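Coordinate analysis (summary)
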Amino acid sequence: MSKFILRFDDIIPGMDWNKFLKIKEVAVKYGVKSILGVVPDNKDANLSININMSNSVFFSTLKEFAEYGDTIAQHGTHHTYTIKAGGMLGINE
Ligand SMILES: [Zn+2]
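Residues numbered from 1 in each chain as written. Predicted model: local features only at pLDDT ≥ 70, side-chain atom pairs only at ≥ 80, totals over all residues. Heavy atoms only, no water.

This part covers the overall build of the chain. When you go through the chain residue by residue, the secondary structure sums to two helices and three strands. Reading the chain from its N end, one meets helices and strands in the order β-α-β-α-β. Counting only C-alpha atoms, the chain reaches 40 × 35 × 20 Å along its principal axes. Residue pairs at least 24 apart in sequence account for 85% of intrachain contacts in the chain once pairs closer than 6 positions are excluded. Surface accessibility of the chain: about 6900 Å² in total, with carbon and sulfur atoms responsible for 58%. One finds the centroid of the 10 positive side-chain charges in the chain at a distance of 5 Å from the centroid of its 10 negative side-chain charges. (Helix = DSSP H or I, 4+ residues; strand = E, 2+ residues; numbered from the N terminus. Contact = heavy atoms within 4.5 Å. Areas by Shrake-Rupley, 256 points an atom, 1.4 Å probe, with all protein chains shown as cover. Lys, Arg positive; Asp, Glu negative; His and termini not counted. Charge placed at Lys NZ, Arg CZ, Asp CG, Glu CD.)

In this section: helix α2 (residues 55-68). Along an α-helix, residues three or four positions apart point the same way, because every turn accommodates 3.6 residues. Taking 1.5 Å per residue as the helical rise, α2 with its 14 residues ought to reach 20 Å, and the 20 Å between its terminal C-alpha atoms agrees with that figure. Of the positions making up α2, those classed as buried are Phe58, Thr61, Leu62 and Phe65. End-on, the buried residues of α2 take up no more than an arc of 100°, which puts them together on one face. Seen from the open side of α2, the exposed residues pointing more than 90 degrees away from its buried face are Ser56, Lys63, Glu64 and Glu67. Residues of α2 that are buried make contact with β1 (6-11), α1 (17-29), β2 (34-38) and β3 (71-74). Backbone geometry just downstream of α2 places Gly69 in the positive-phi region, at approximately 125°. (Expected span 1.5 Å × (residues − 1). Buried < 20%, exposed > 50% of the residue type's maximum accessible area, 1.4 Å probe, protein only. Arc of directions from axis to C-beta.)

Once that is clear, we can look at α1. Taking 1.5 Å of rise per residue, 13 residues should cover 18 Å, and α1 covers 18 Å from first to last C-alpha, within 8% of that figure. Among the residues of α1, those classed as buried are Trp17, Phe20, Lys24 and Ala27. What you see down the axis of α1 is that its buried residues fit within an arc of 85°, all on one side. The exposed set on the far side of α1, more than 90 degrees from its buried face, consists of Asn18, Lys19, Lys22, Glu25 and Lys29.

As a further point, take the pairing of β2. For β2, the buried fraction is high: four of the five residues fall into the buried class. Bridge analysis of β1 against β2 gives four bridges, and the strand direction is parallel. Bridging across to β2, Arg7 finds its partner in Ile35. Handedness of the β-α-β unit built from β2, α2 and β3 comes out right-handed. (Pairing = 2+ DSSP bridges. Right-handed = clockwise from strand over helix to strand, strands pointing away.)

We now examine the packing of aromatic side chains. Under the defined criterion, the tally for this structure stands at five aromatic pairs. Arranged with centres 5.6 Å apart and planes meeting at 90°, the rings of Trp17 and Phe20 form a pair that is edge-to-face. Placement of the pair is Trp17 and Phe20 together in helix α1, with a separation of three residues, close to one helical turn. The exposure class assigned to Trp17 is buried, which follows from its relative accessible area of 7%. Over the ring of Tyr68 we find Lys33; its NZ or CZ atom is 4.0 Å from the centre of that ring. (Phe/Tyr/Trp six-rings, centres within 6.5 Å; stacked < 30°, edge-to-face > 60°. Lys NZ or Arg CZ within 6 Å of the ring centre and 35° of its normal.)

See the structure below:
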């Protein structure tokens, strides 16, 4: 039996839910559980492409994913750079 790790980052109320749900539905069809990296207080305008889903709908959706068996993870806090260092890999100054 094969095992997969499927992680989605940048999960926020204003993300492109249409694209995400198309992929997520395939994962669910095959019983694949995911790690969902949520940005709890997004300040990165590049991530918000849709009209924001309300927080109550967002959190109830996350709860449904968790009940399915997905793992809810934190992906940063604001999703912004606060330093100019490139990190361990020296990229993305
Ligand atoms: Zn990210």
